[in-house]
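# Inside the fold
Spelled out from the first residue to the last, the chains are:
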Amino acid sequence: MGYFITFEGVEGCGKTTQIKMLSDNLLKLGYSTKLTREPGGCKISDKIRSILLDAENSGMSPLTELMLYAAARAQHIEEVIVPSIESNKIVLCDRFSDATVAYQSYGRGIDISIISTLNSYACQGITPDLTVLVDCEPSLGLMRARKRIEESAGPREERFELETLAFHNRVRKGYLQLASEQSDRFLIVDGSDTIEAISAAIATKVLPRIPEKLRAVC
Ligand code: TMP
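What counts as what
- Residues numbered from 1 in each chain as written.
- Predicted model: local features only at pLDDT ≥ 70, side-chain atom pairs only at ≥ 80, totals over all residues.
- Heavy atoms only, no water.
- Helix = DSSP H or I, 4+ residues; strand = E, 2+ residues; numbered from the N terminus.
- Near = heavy atom within 4 Å.
- Polar contact = N/O pair within 3.5 Å; in protein donor to acceptor, adjacent residues only side chain to side chain.
- Areas by Shrake-Rupley, 256 points an atom, 1.4 Å probe, with all protein chains shown as cover.
- Nonpolar A, V, L, I, M, F, W, Y, C, P; charged D, E, K, R; others polar.
- Buried < 20%, exposed > 50% of the residue type's maximum accessible area, 1.4 Å probe, protein only.
- Pairing = 2+ DSSP bridges.
- Axes fitted to C-alpha atoms, helices over the stretch in contact; angles between N-to-C directions.
- Parallel < 35°, antiparallel > 145°, perpendicular 65-115°, else oblique.
- Left-handed = near helix turned anticlockwise from the far one by under 90°.
- Contact = heavy atoms within 4.5 Å.
- Expected span 1.5 Å × (residues − 1).
- Arc of directions from axis to C-beta.
- Phe/Tyr/Trp six-rings, centres within 6.5 Å; stacked < 30°, edge-to-face > 60°.
- Lys NZ or Arg CZ within 6 Å of the ring centre and 35° of its normal.

Within the secondary structure layout, E212 lies in the segment after helix 8 (195-206). With 161 residues separating them in the primary sequence, E212 and I51 have C-alpha atoms 40 Å apart.

In structure tokens:
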């Protein structure tokens, strides 16, 4: 069996840059990795992603939103995550089930028991071995995220970036709460640091946790 690492954090915390850097580091060290993301990661889940993040869908109800995240996850688990873990890869996933707790429970106010039930159906018993929380002040993260959206030529995936600062502060609080409750699984790094310093901190903390048997025999 492989090893499952997820990256989490508020908008603009830098986790997408960091997960790619960790993946490159692992490849150089001879590990076989699968880099993926949620919502998305496969064709059907990517279609659900575009509905979820489209700013035109501002009228989406919190329950519809929750169920679409769960649907995207169910497909991604079945099609990508389980097969990759079974083929001994290190799976690196940009957001996973903790995001649903932080955004849909702490952010939107949906009862945590509904989220736990849906997550347990969608995840087929899969939980991350390790979760890197790239923590930063939402005001800093939102500034970075809005700049990235303005500079991007792709679709404007900004439904959440348009939420209030109070919403994003609740999301951050949710992540920090999860990290304090499950401190064995979570590693927290400071997302306000430089890209290089964050990457070095992640490598130092993550590499010793990866089972040596997963390194490819060259
Ligand atoms: P991204 O910007 O990191 O690609 O994530 C897409 C957005 O989806 C981000 O605003 C967080 C949100 N999200 C949830 O609200 N719940 C979830 O379960 C997941 C995976 C993401």
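Moving on: the site of the ligand. Contacts to the ligand come from 14 residues, most closely from E11, K15, Y69, R95 and T100. A distance of 2.7 Å separates an oxygen atom of the ligand from a polar side-chain atom of E11. Protein contact buries 93% of the 480 Å² of open area that the ligand shows by itself. If you tally residues by element for the shell around the ligand, the top one is helix 4 (residues 97-107), at 4 residues. In the shell around the ligand, the residues fall into 6 nonpolar, 2 polar and 6 charged.

Bringing unusual backbone geometry into the picture now. With an omega dihedral of -10°, the bond running from E38 to P39 counts as a cis peptide bond. Its location among the elements puts P39 in the loop between strand 2 (33-37) and helix 2 (43-53). In the Ramachandran plot, N88 falls in the positive-phi region, its phi being about 65° despite a non-glycine side chain. Along the chain, N88 falls in the loop between helix 3 (62-86) and strand 3 (90-94). Overall, the relative accessible area of 40% leaves N88 in the partly exposed class. A positive phi angle, near 50°, is found at Q124, a position not held by glycine. Within the secondary structure layout, Q124 lies in the loop between helix 5 (112-123) and strand 4 (130-135).

Taking strand neighbours across the sheet as the criterion, the 5 strands line up as 2-3-1-4-5 in an open arrangement whose pairing is parallel. Single-partner strands in this sheet number two, and they are strand 2 and strand 5 (186-190). For this sheet, the mean inter-axis angle between neighbouring strands, taken without regard to orientation, is 20°. As judged from the 5 bridges shared by strand 4 and strand 5, these two strands associate in the parallel manner.

In a packed pair of helices, the relevant descriptors are the angle between the two axes and the axis-to-axis distance. The geometry of helix 2 relative to helix 3 is characterised by a closest axis approach of 9 Å and an angle of 160° between their N-to-C directions. Comparing their axes, helix 3 and helix 2 come out roughly antiparallel. You can see that helix 2 and helix 3 cross each other, and the crossing is left-handed. Residues I44, S45, I48, I51, L52 and L53 of helix 2 form the contact with helix 3, whose participating residues are E65, L68, Y69, A71, A72, Q75 and H76. Its residues placed into classes, the contact of helix 2 with helix 3 shows 9 nonpolar, 3 polar and 1 charged.

Take the environment of E161 next. Along the chain, E161 turns up in the loop between helix 6 (138-151) and helix 7 (165-181). Those residues within four positions of E161 in sequence are excluded, and the remaining contacts are E11, L142, A145, R146, R148, I149 and H168.

Here helix 5 spans 16 Å end to end across 12 residues, near enough to the 16 Å set by a 1.5 Å rise per residue. Taken together, the buried positions of helix 5 are I115, N119, A122 and C123. Looking down the long axis of helix 5, one finds its buried residues gathered within 85° of arc, a one-sided arrangement. Where helix 5 is buried, its residues contact helix 3 and helix 4. Following helix 5 by one or two positions, Q124 adopts a phi angle in the positive range, close to 50°.

Here the focus is the packing of aromatic side chains. Tallied over the full model, the rule gives 6 aromatic pairs. Ring geometry for Y103 against F167: centres 6.1 Å apart, planes inclined by 55°, an arrangement best described as tilted. Of the two residues, Y103 sits in helix 4 while F167 sits in helix 7, which places them 64 residues apart along the sequence. Every member of this aromatic cluster is reached through a ring pair, and the members are Y69, Y103, F160, F167 and Y175. The ring of F96 has R73 lying over it, and the distance from NZ or CZ to the ring centre is 5.4 Å.

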